[in-house]
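A structural walkthrough
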Amino acid sequence: MGAYDILDKRHQLLAKGYLKSDIETIRVTGNTQTTYFLGTLENNKSKYPLLPPSGDVNVPQESTIITDDGVTYTNVLSSVINFTIFKAGEIKARTDGTEGSYFAGTLPSGDRIAKFINDSATDNPLTQTSNLVQTGGIDTVTTGEAEQFNGQPCRTLFIMFSYDEAIMEKIFSDNLGNNNIYVEDSEGNLIDLPFKCDLTISFEKITG
C-alpha cells in the first residue's frame, strides 16, 4: 500500500504479526493524530483536495492550506484505509509446498471491516481511535495457535489493510476537475497517488 491507482483494485496488504506465546486474546486499536478528513466538502467542493506526489513519487506534497486545527494537510491513510482482523483459524498455512498463508472462502465484509471514518456522520466523520476487531459485537480476538519464529515460541495475528472502496470513490468524485493529481512519469505513464502513513496500531493483552 501507500500509493493508489484508481484503475487497480488490488490494494490489499495482508500482514502477519508475531506475538508473545502467552498472549491468547487481545484487543487491537488503531490510532491517529490527524483531525481532518480528505472527503470533507466546503461549498460543495473538496475542502482538502488530493495532492500529487512530491519530488519523491512515494511521498505526497504538503499543502499550504491550513486546516481548522491550524496545521497544513496532505494525503493521509487515515482518511481512506480500512482493516480486517482475522480470527484464529481463518488464515491457514499453504499445503502445496509454497511458503505463505491463504484465506479460504469469501473475504469478510460489512461489519467485519473497521476504519477511522464513520460513514453516518454528517460533520467530521473521523475518529482518532478505532477498535479494529469487528466480530459480531466482540471487541477482542483470539490469536493463532502456538508456533515458532526465529526459534522462539509465539502466537500470530493476521491483519488485512485495504483502501476503502466506497470512501475512495467519494473522495475521487469530490476531486473531479482536480488536474493536479494527474502526474506523468518520463514515459508518459500516470504516477500512482501516494498517501502518508499517519496511524499506529496498538495491542492490549486480555488473557494468556
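Look a little higher up for the structure.
Residues numbered from 1 in each chain as written. Predicted model: local features only at pLDDT ≥ 70, side-chain atom pairs only at ≥ 80, totals over all residues. Heavy atoms only, no water.

1. Description of the pattern of salt bridges
All told, the structure shown has 10 salt bridges when counted by the stated rule. Residue Glu-24 pairs with Arg-155 through a salt bridge whose shortest N-O separation is 4.0 Å. With Glu-24 in the loop between β2 (13-20) and β3 (25-32) and Arg-155 in strand β13 (residues 152-163), this residue pair connects regions lying 131 residues apart in the sequence. Taken together, the salt bridges that share partners define one network made up of Arg-27, Asp-139 and Glu-204. (Salt bridge = Lys/Arg side-chain N within 4 Å of Asp/Glu carboxyl O. Helix = DSSP H or I, 4+ residues; strand = E, 2+ residues; numbered from the N terminus.)

2. Comments concerning the side chain of Thr-32
Within the secondary structure layout, Thr-32 lies in strand β3. Here Thr-32 falls in the buried class, since its relative accessible area comes to 3%. Polar contacts involving the side chain of Thr-32 include one to the main-chain amide nitrogen of Thr-34, which spans 3.1 Å. Apart from residues lying up to four places away in sequence, Thr-32 is in contact with Ser-78, Phe-116, Leu-126, Thr-127, Gln-128, Asp-198 and Leu-199. (Buried < 20%, exposed > 50% of the residue type's maximum accessible area, 1.4 Å probe, protein only. Polar contact = N/O pair within 3.5 Å; in protein donor to acceptor, adjacent residues only side chain to side chain. Contact = heavy atoms within 4.5 Å.)

3. Here we look at the nonpolar core
By size, the foremost hydrophobic cluster in this structure holds 36 residues, and its most contacted members are Val-28, Leu-38, Leu-50, Val-80, Ile-85, Leu-157 and Phe-195. Contributions of two or more residues to this core are made by β3, β6 (81-85), β13 and α1 (165-174). Ignoring any residue separated from it by four or fewer positions in sequence, one finds Val-28 in contact with Ile-85, Ser-130, Asn-131, Leu-132, Val-133, Val-141, Leu-157, Ile-201, Ser-202 and Phe-203. (Core = buried A, V, L, I, M, F, W, Y, C linked by side-chain atoms within 4.5 Å.)

4. Quick word on the pairing of β3
Along any regular strand the residues' side chains alternate between the sheet's two faces. For β3, the buried fraction is high: 6 of the 8 residues fall into the buried class. Judged from the 2 bridges that link them, β3 and strand β11 (residues 141-142) form a sheet pairing that is antiparallel. Residue Thr-25 lies in a different strand from β11, and its bridge partner there is Thr-142. With 8 bridges joining them, β3 and strand β15 (residues 199-207) adopt antiparallel strand pairing. Note that in β15 the partner of Ile-26 across the bridge is Lys-205. Inspection of the sheet shows β3 paired to strand β10 (residues 129-131) by 3 bridges, in the antiparallel sense. Looking at the pairing, Asn-31 lines up with Thr-129 of β10. (Pairing = 2+ DSSP bridges.)

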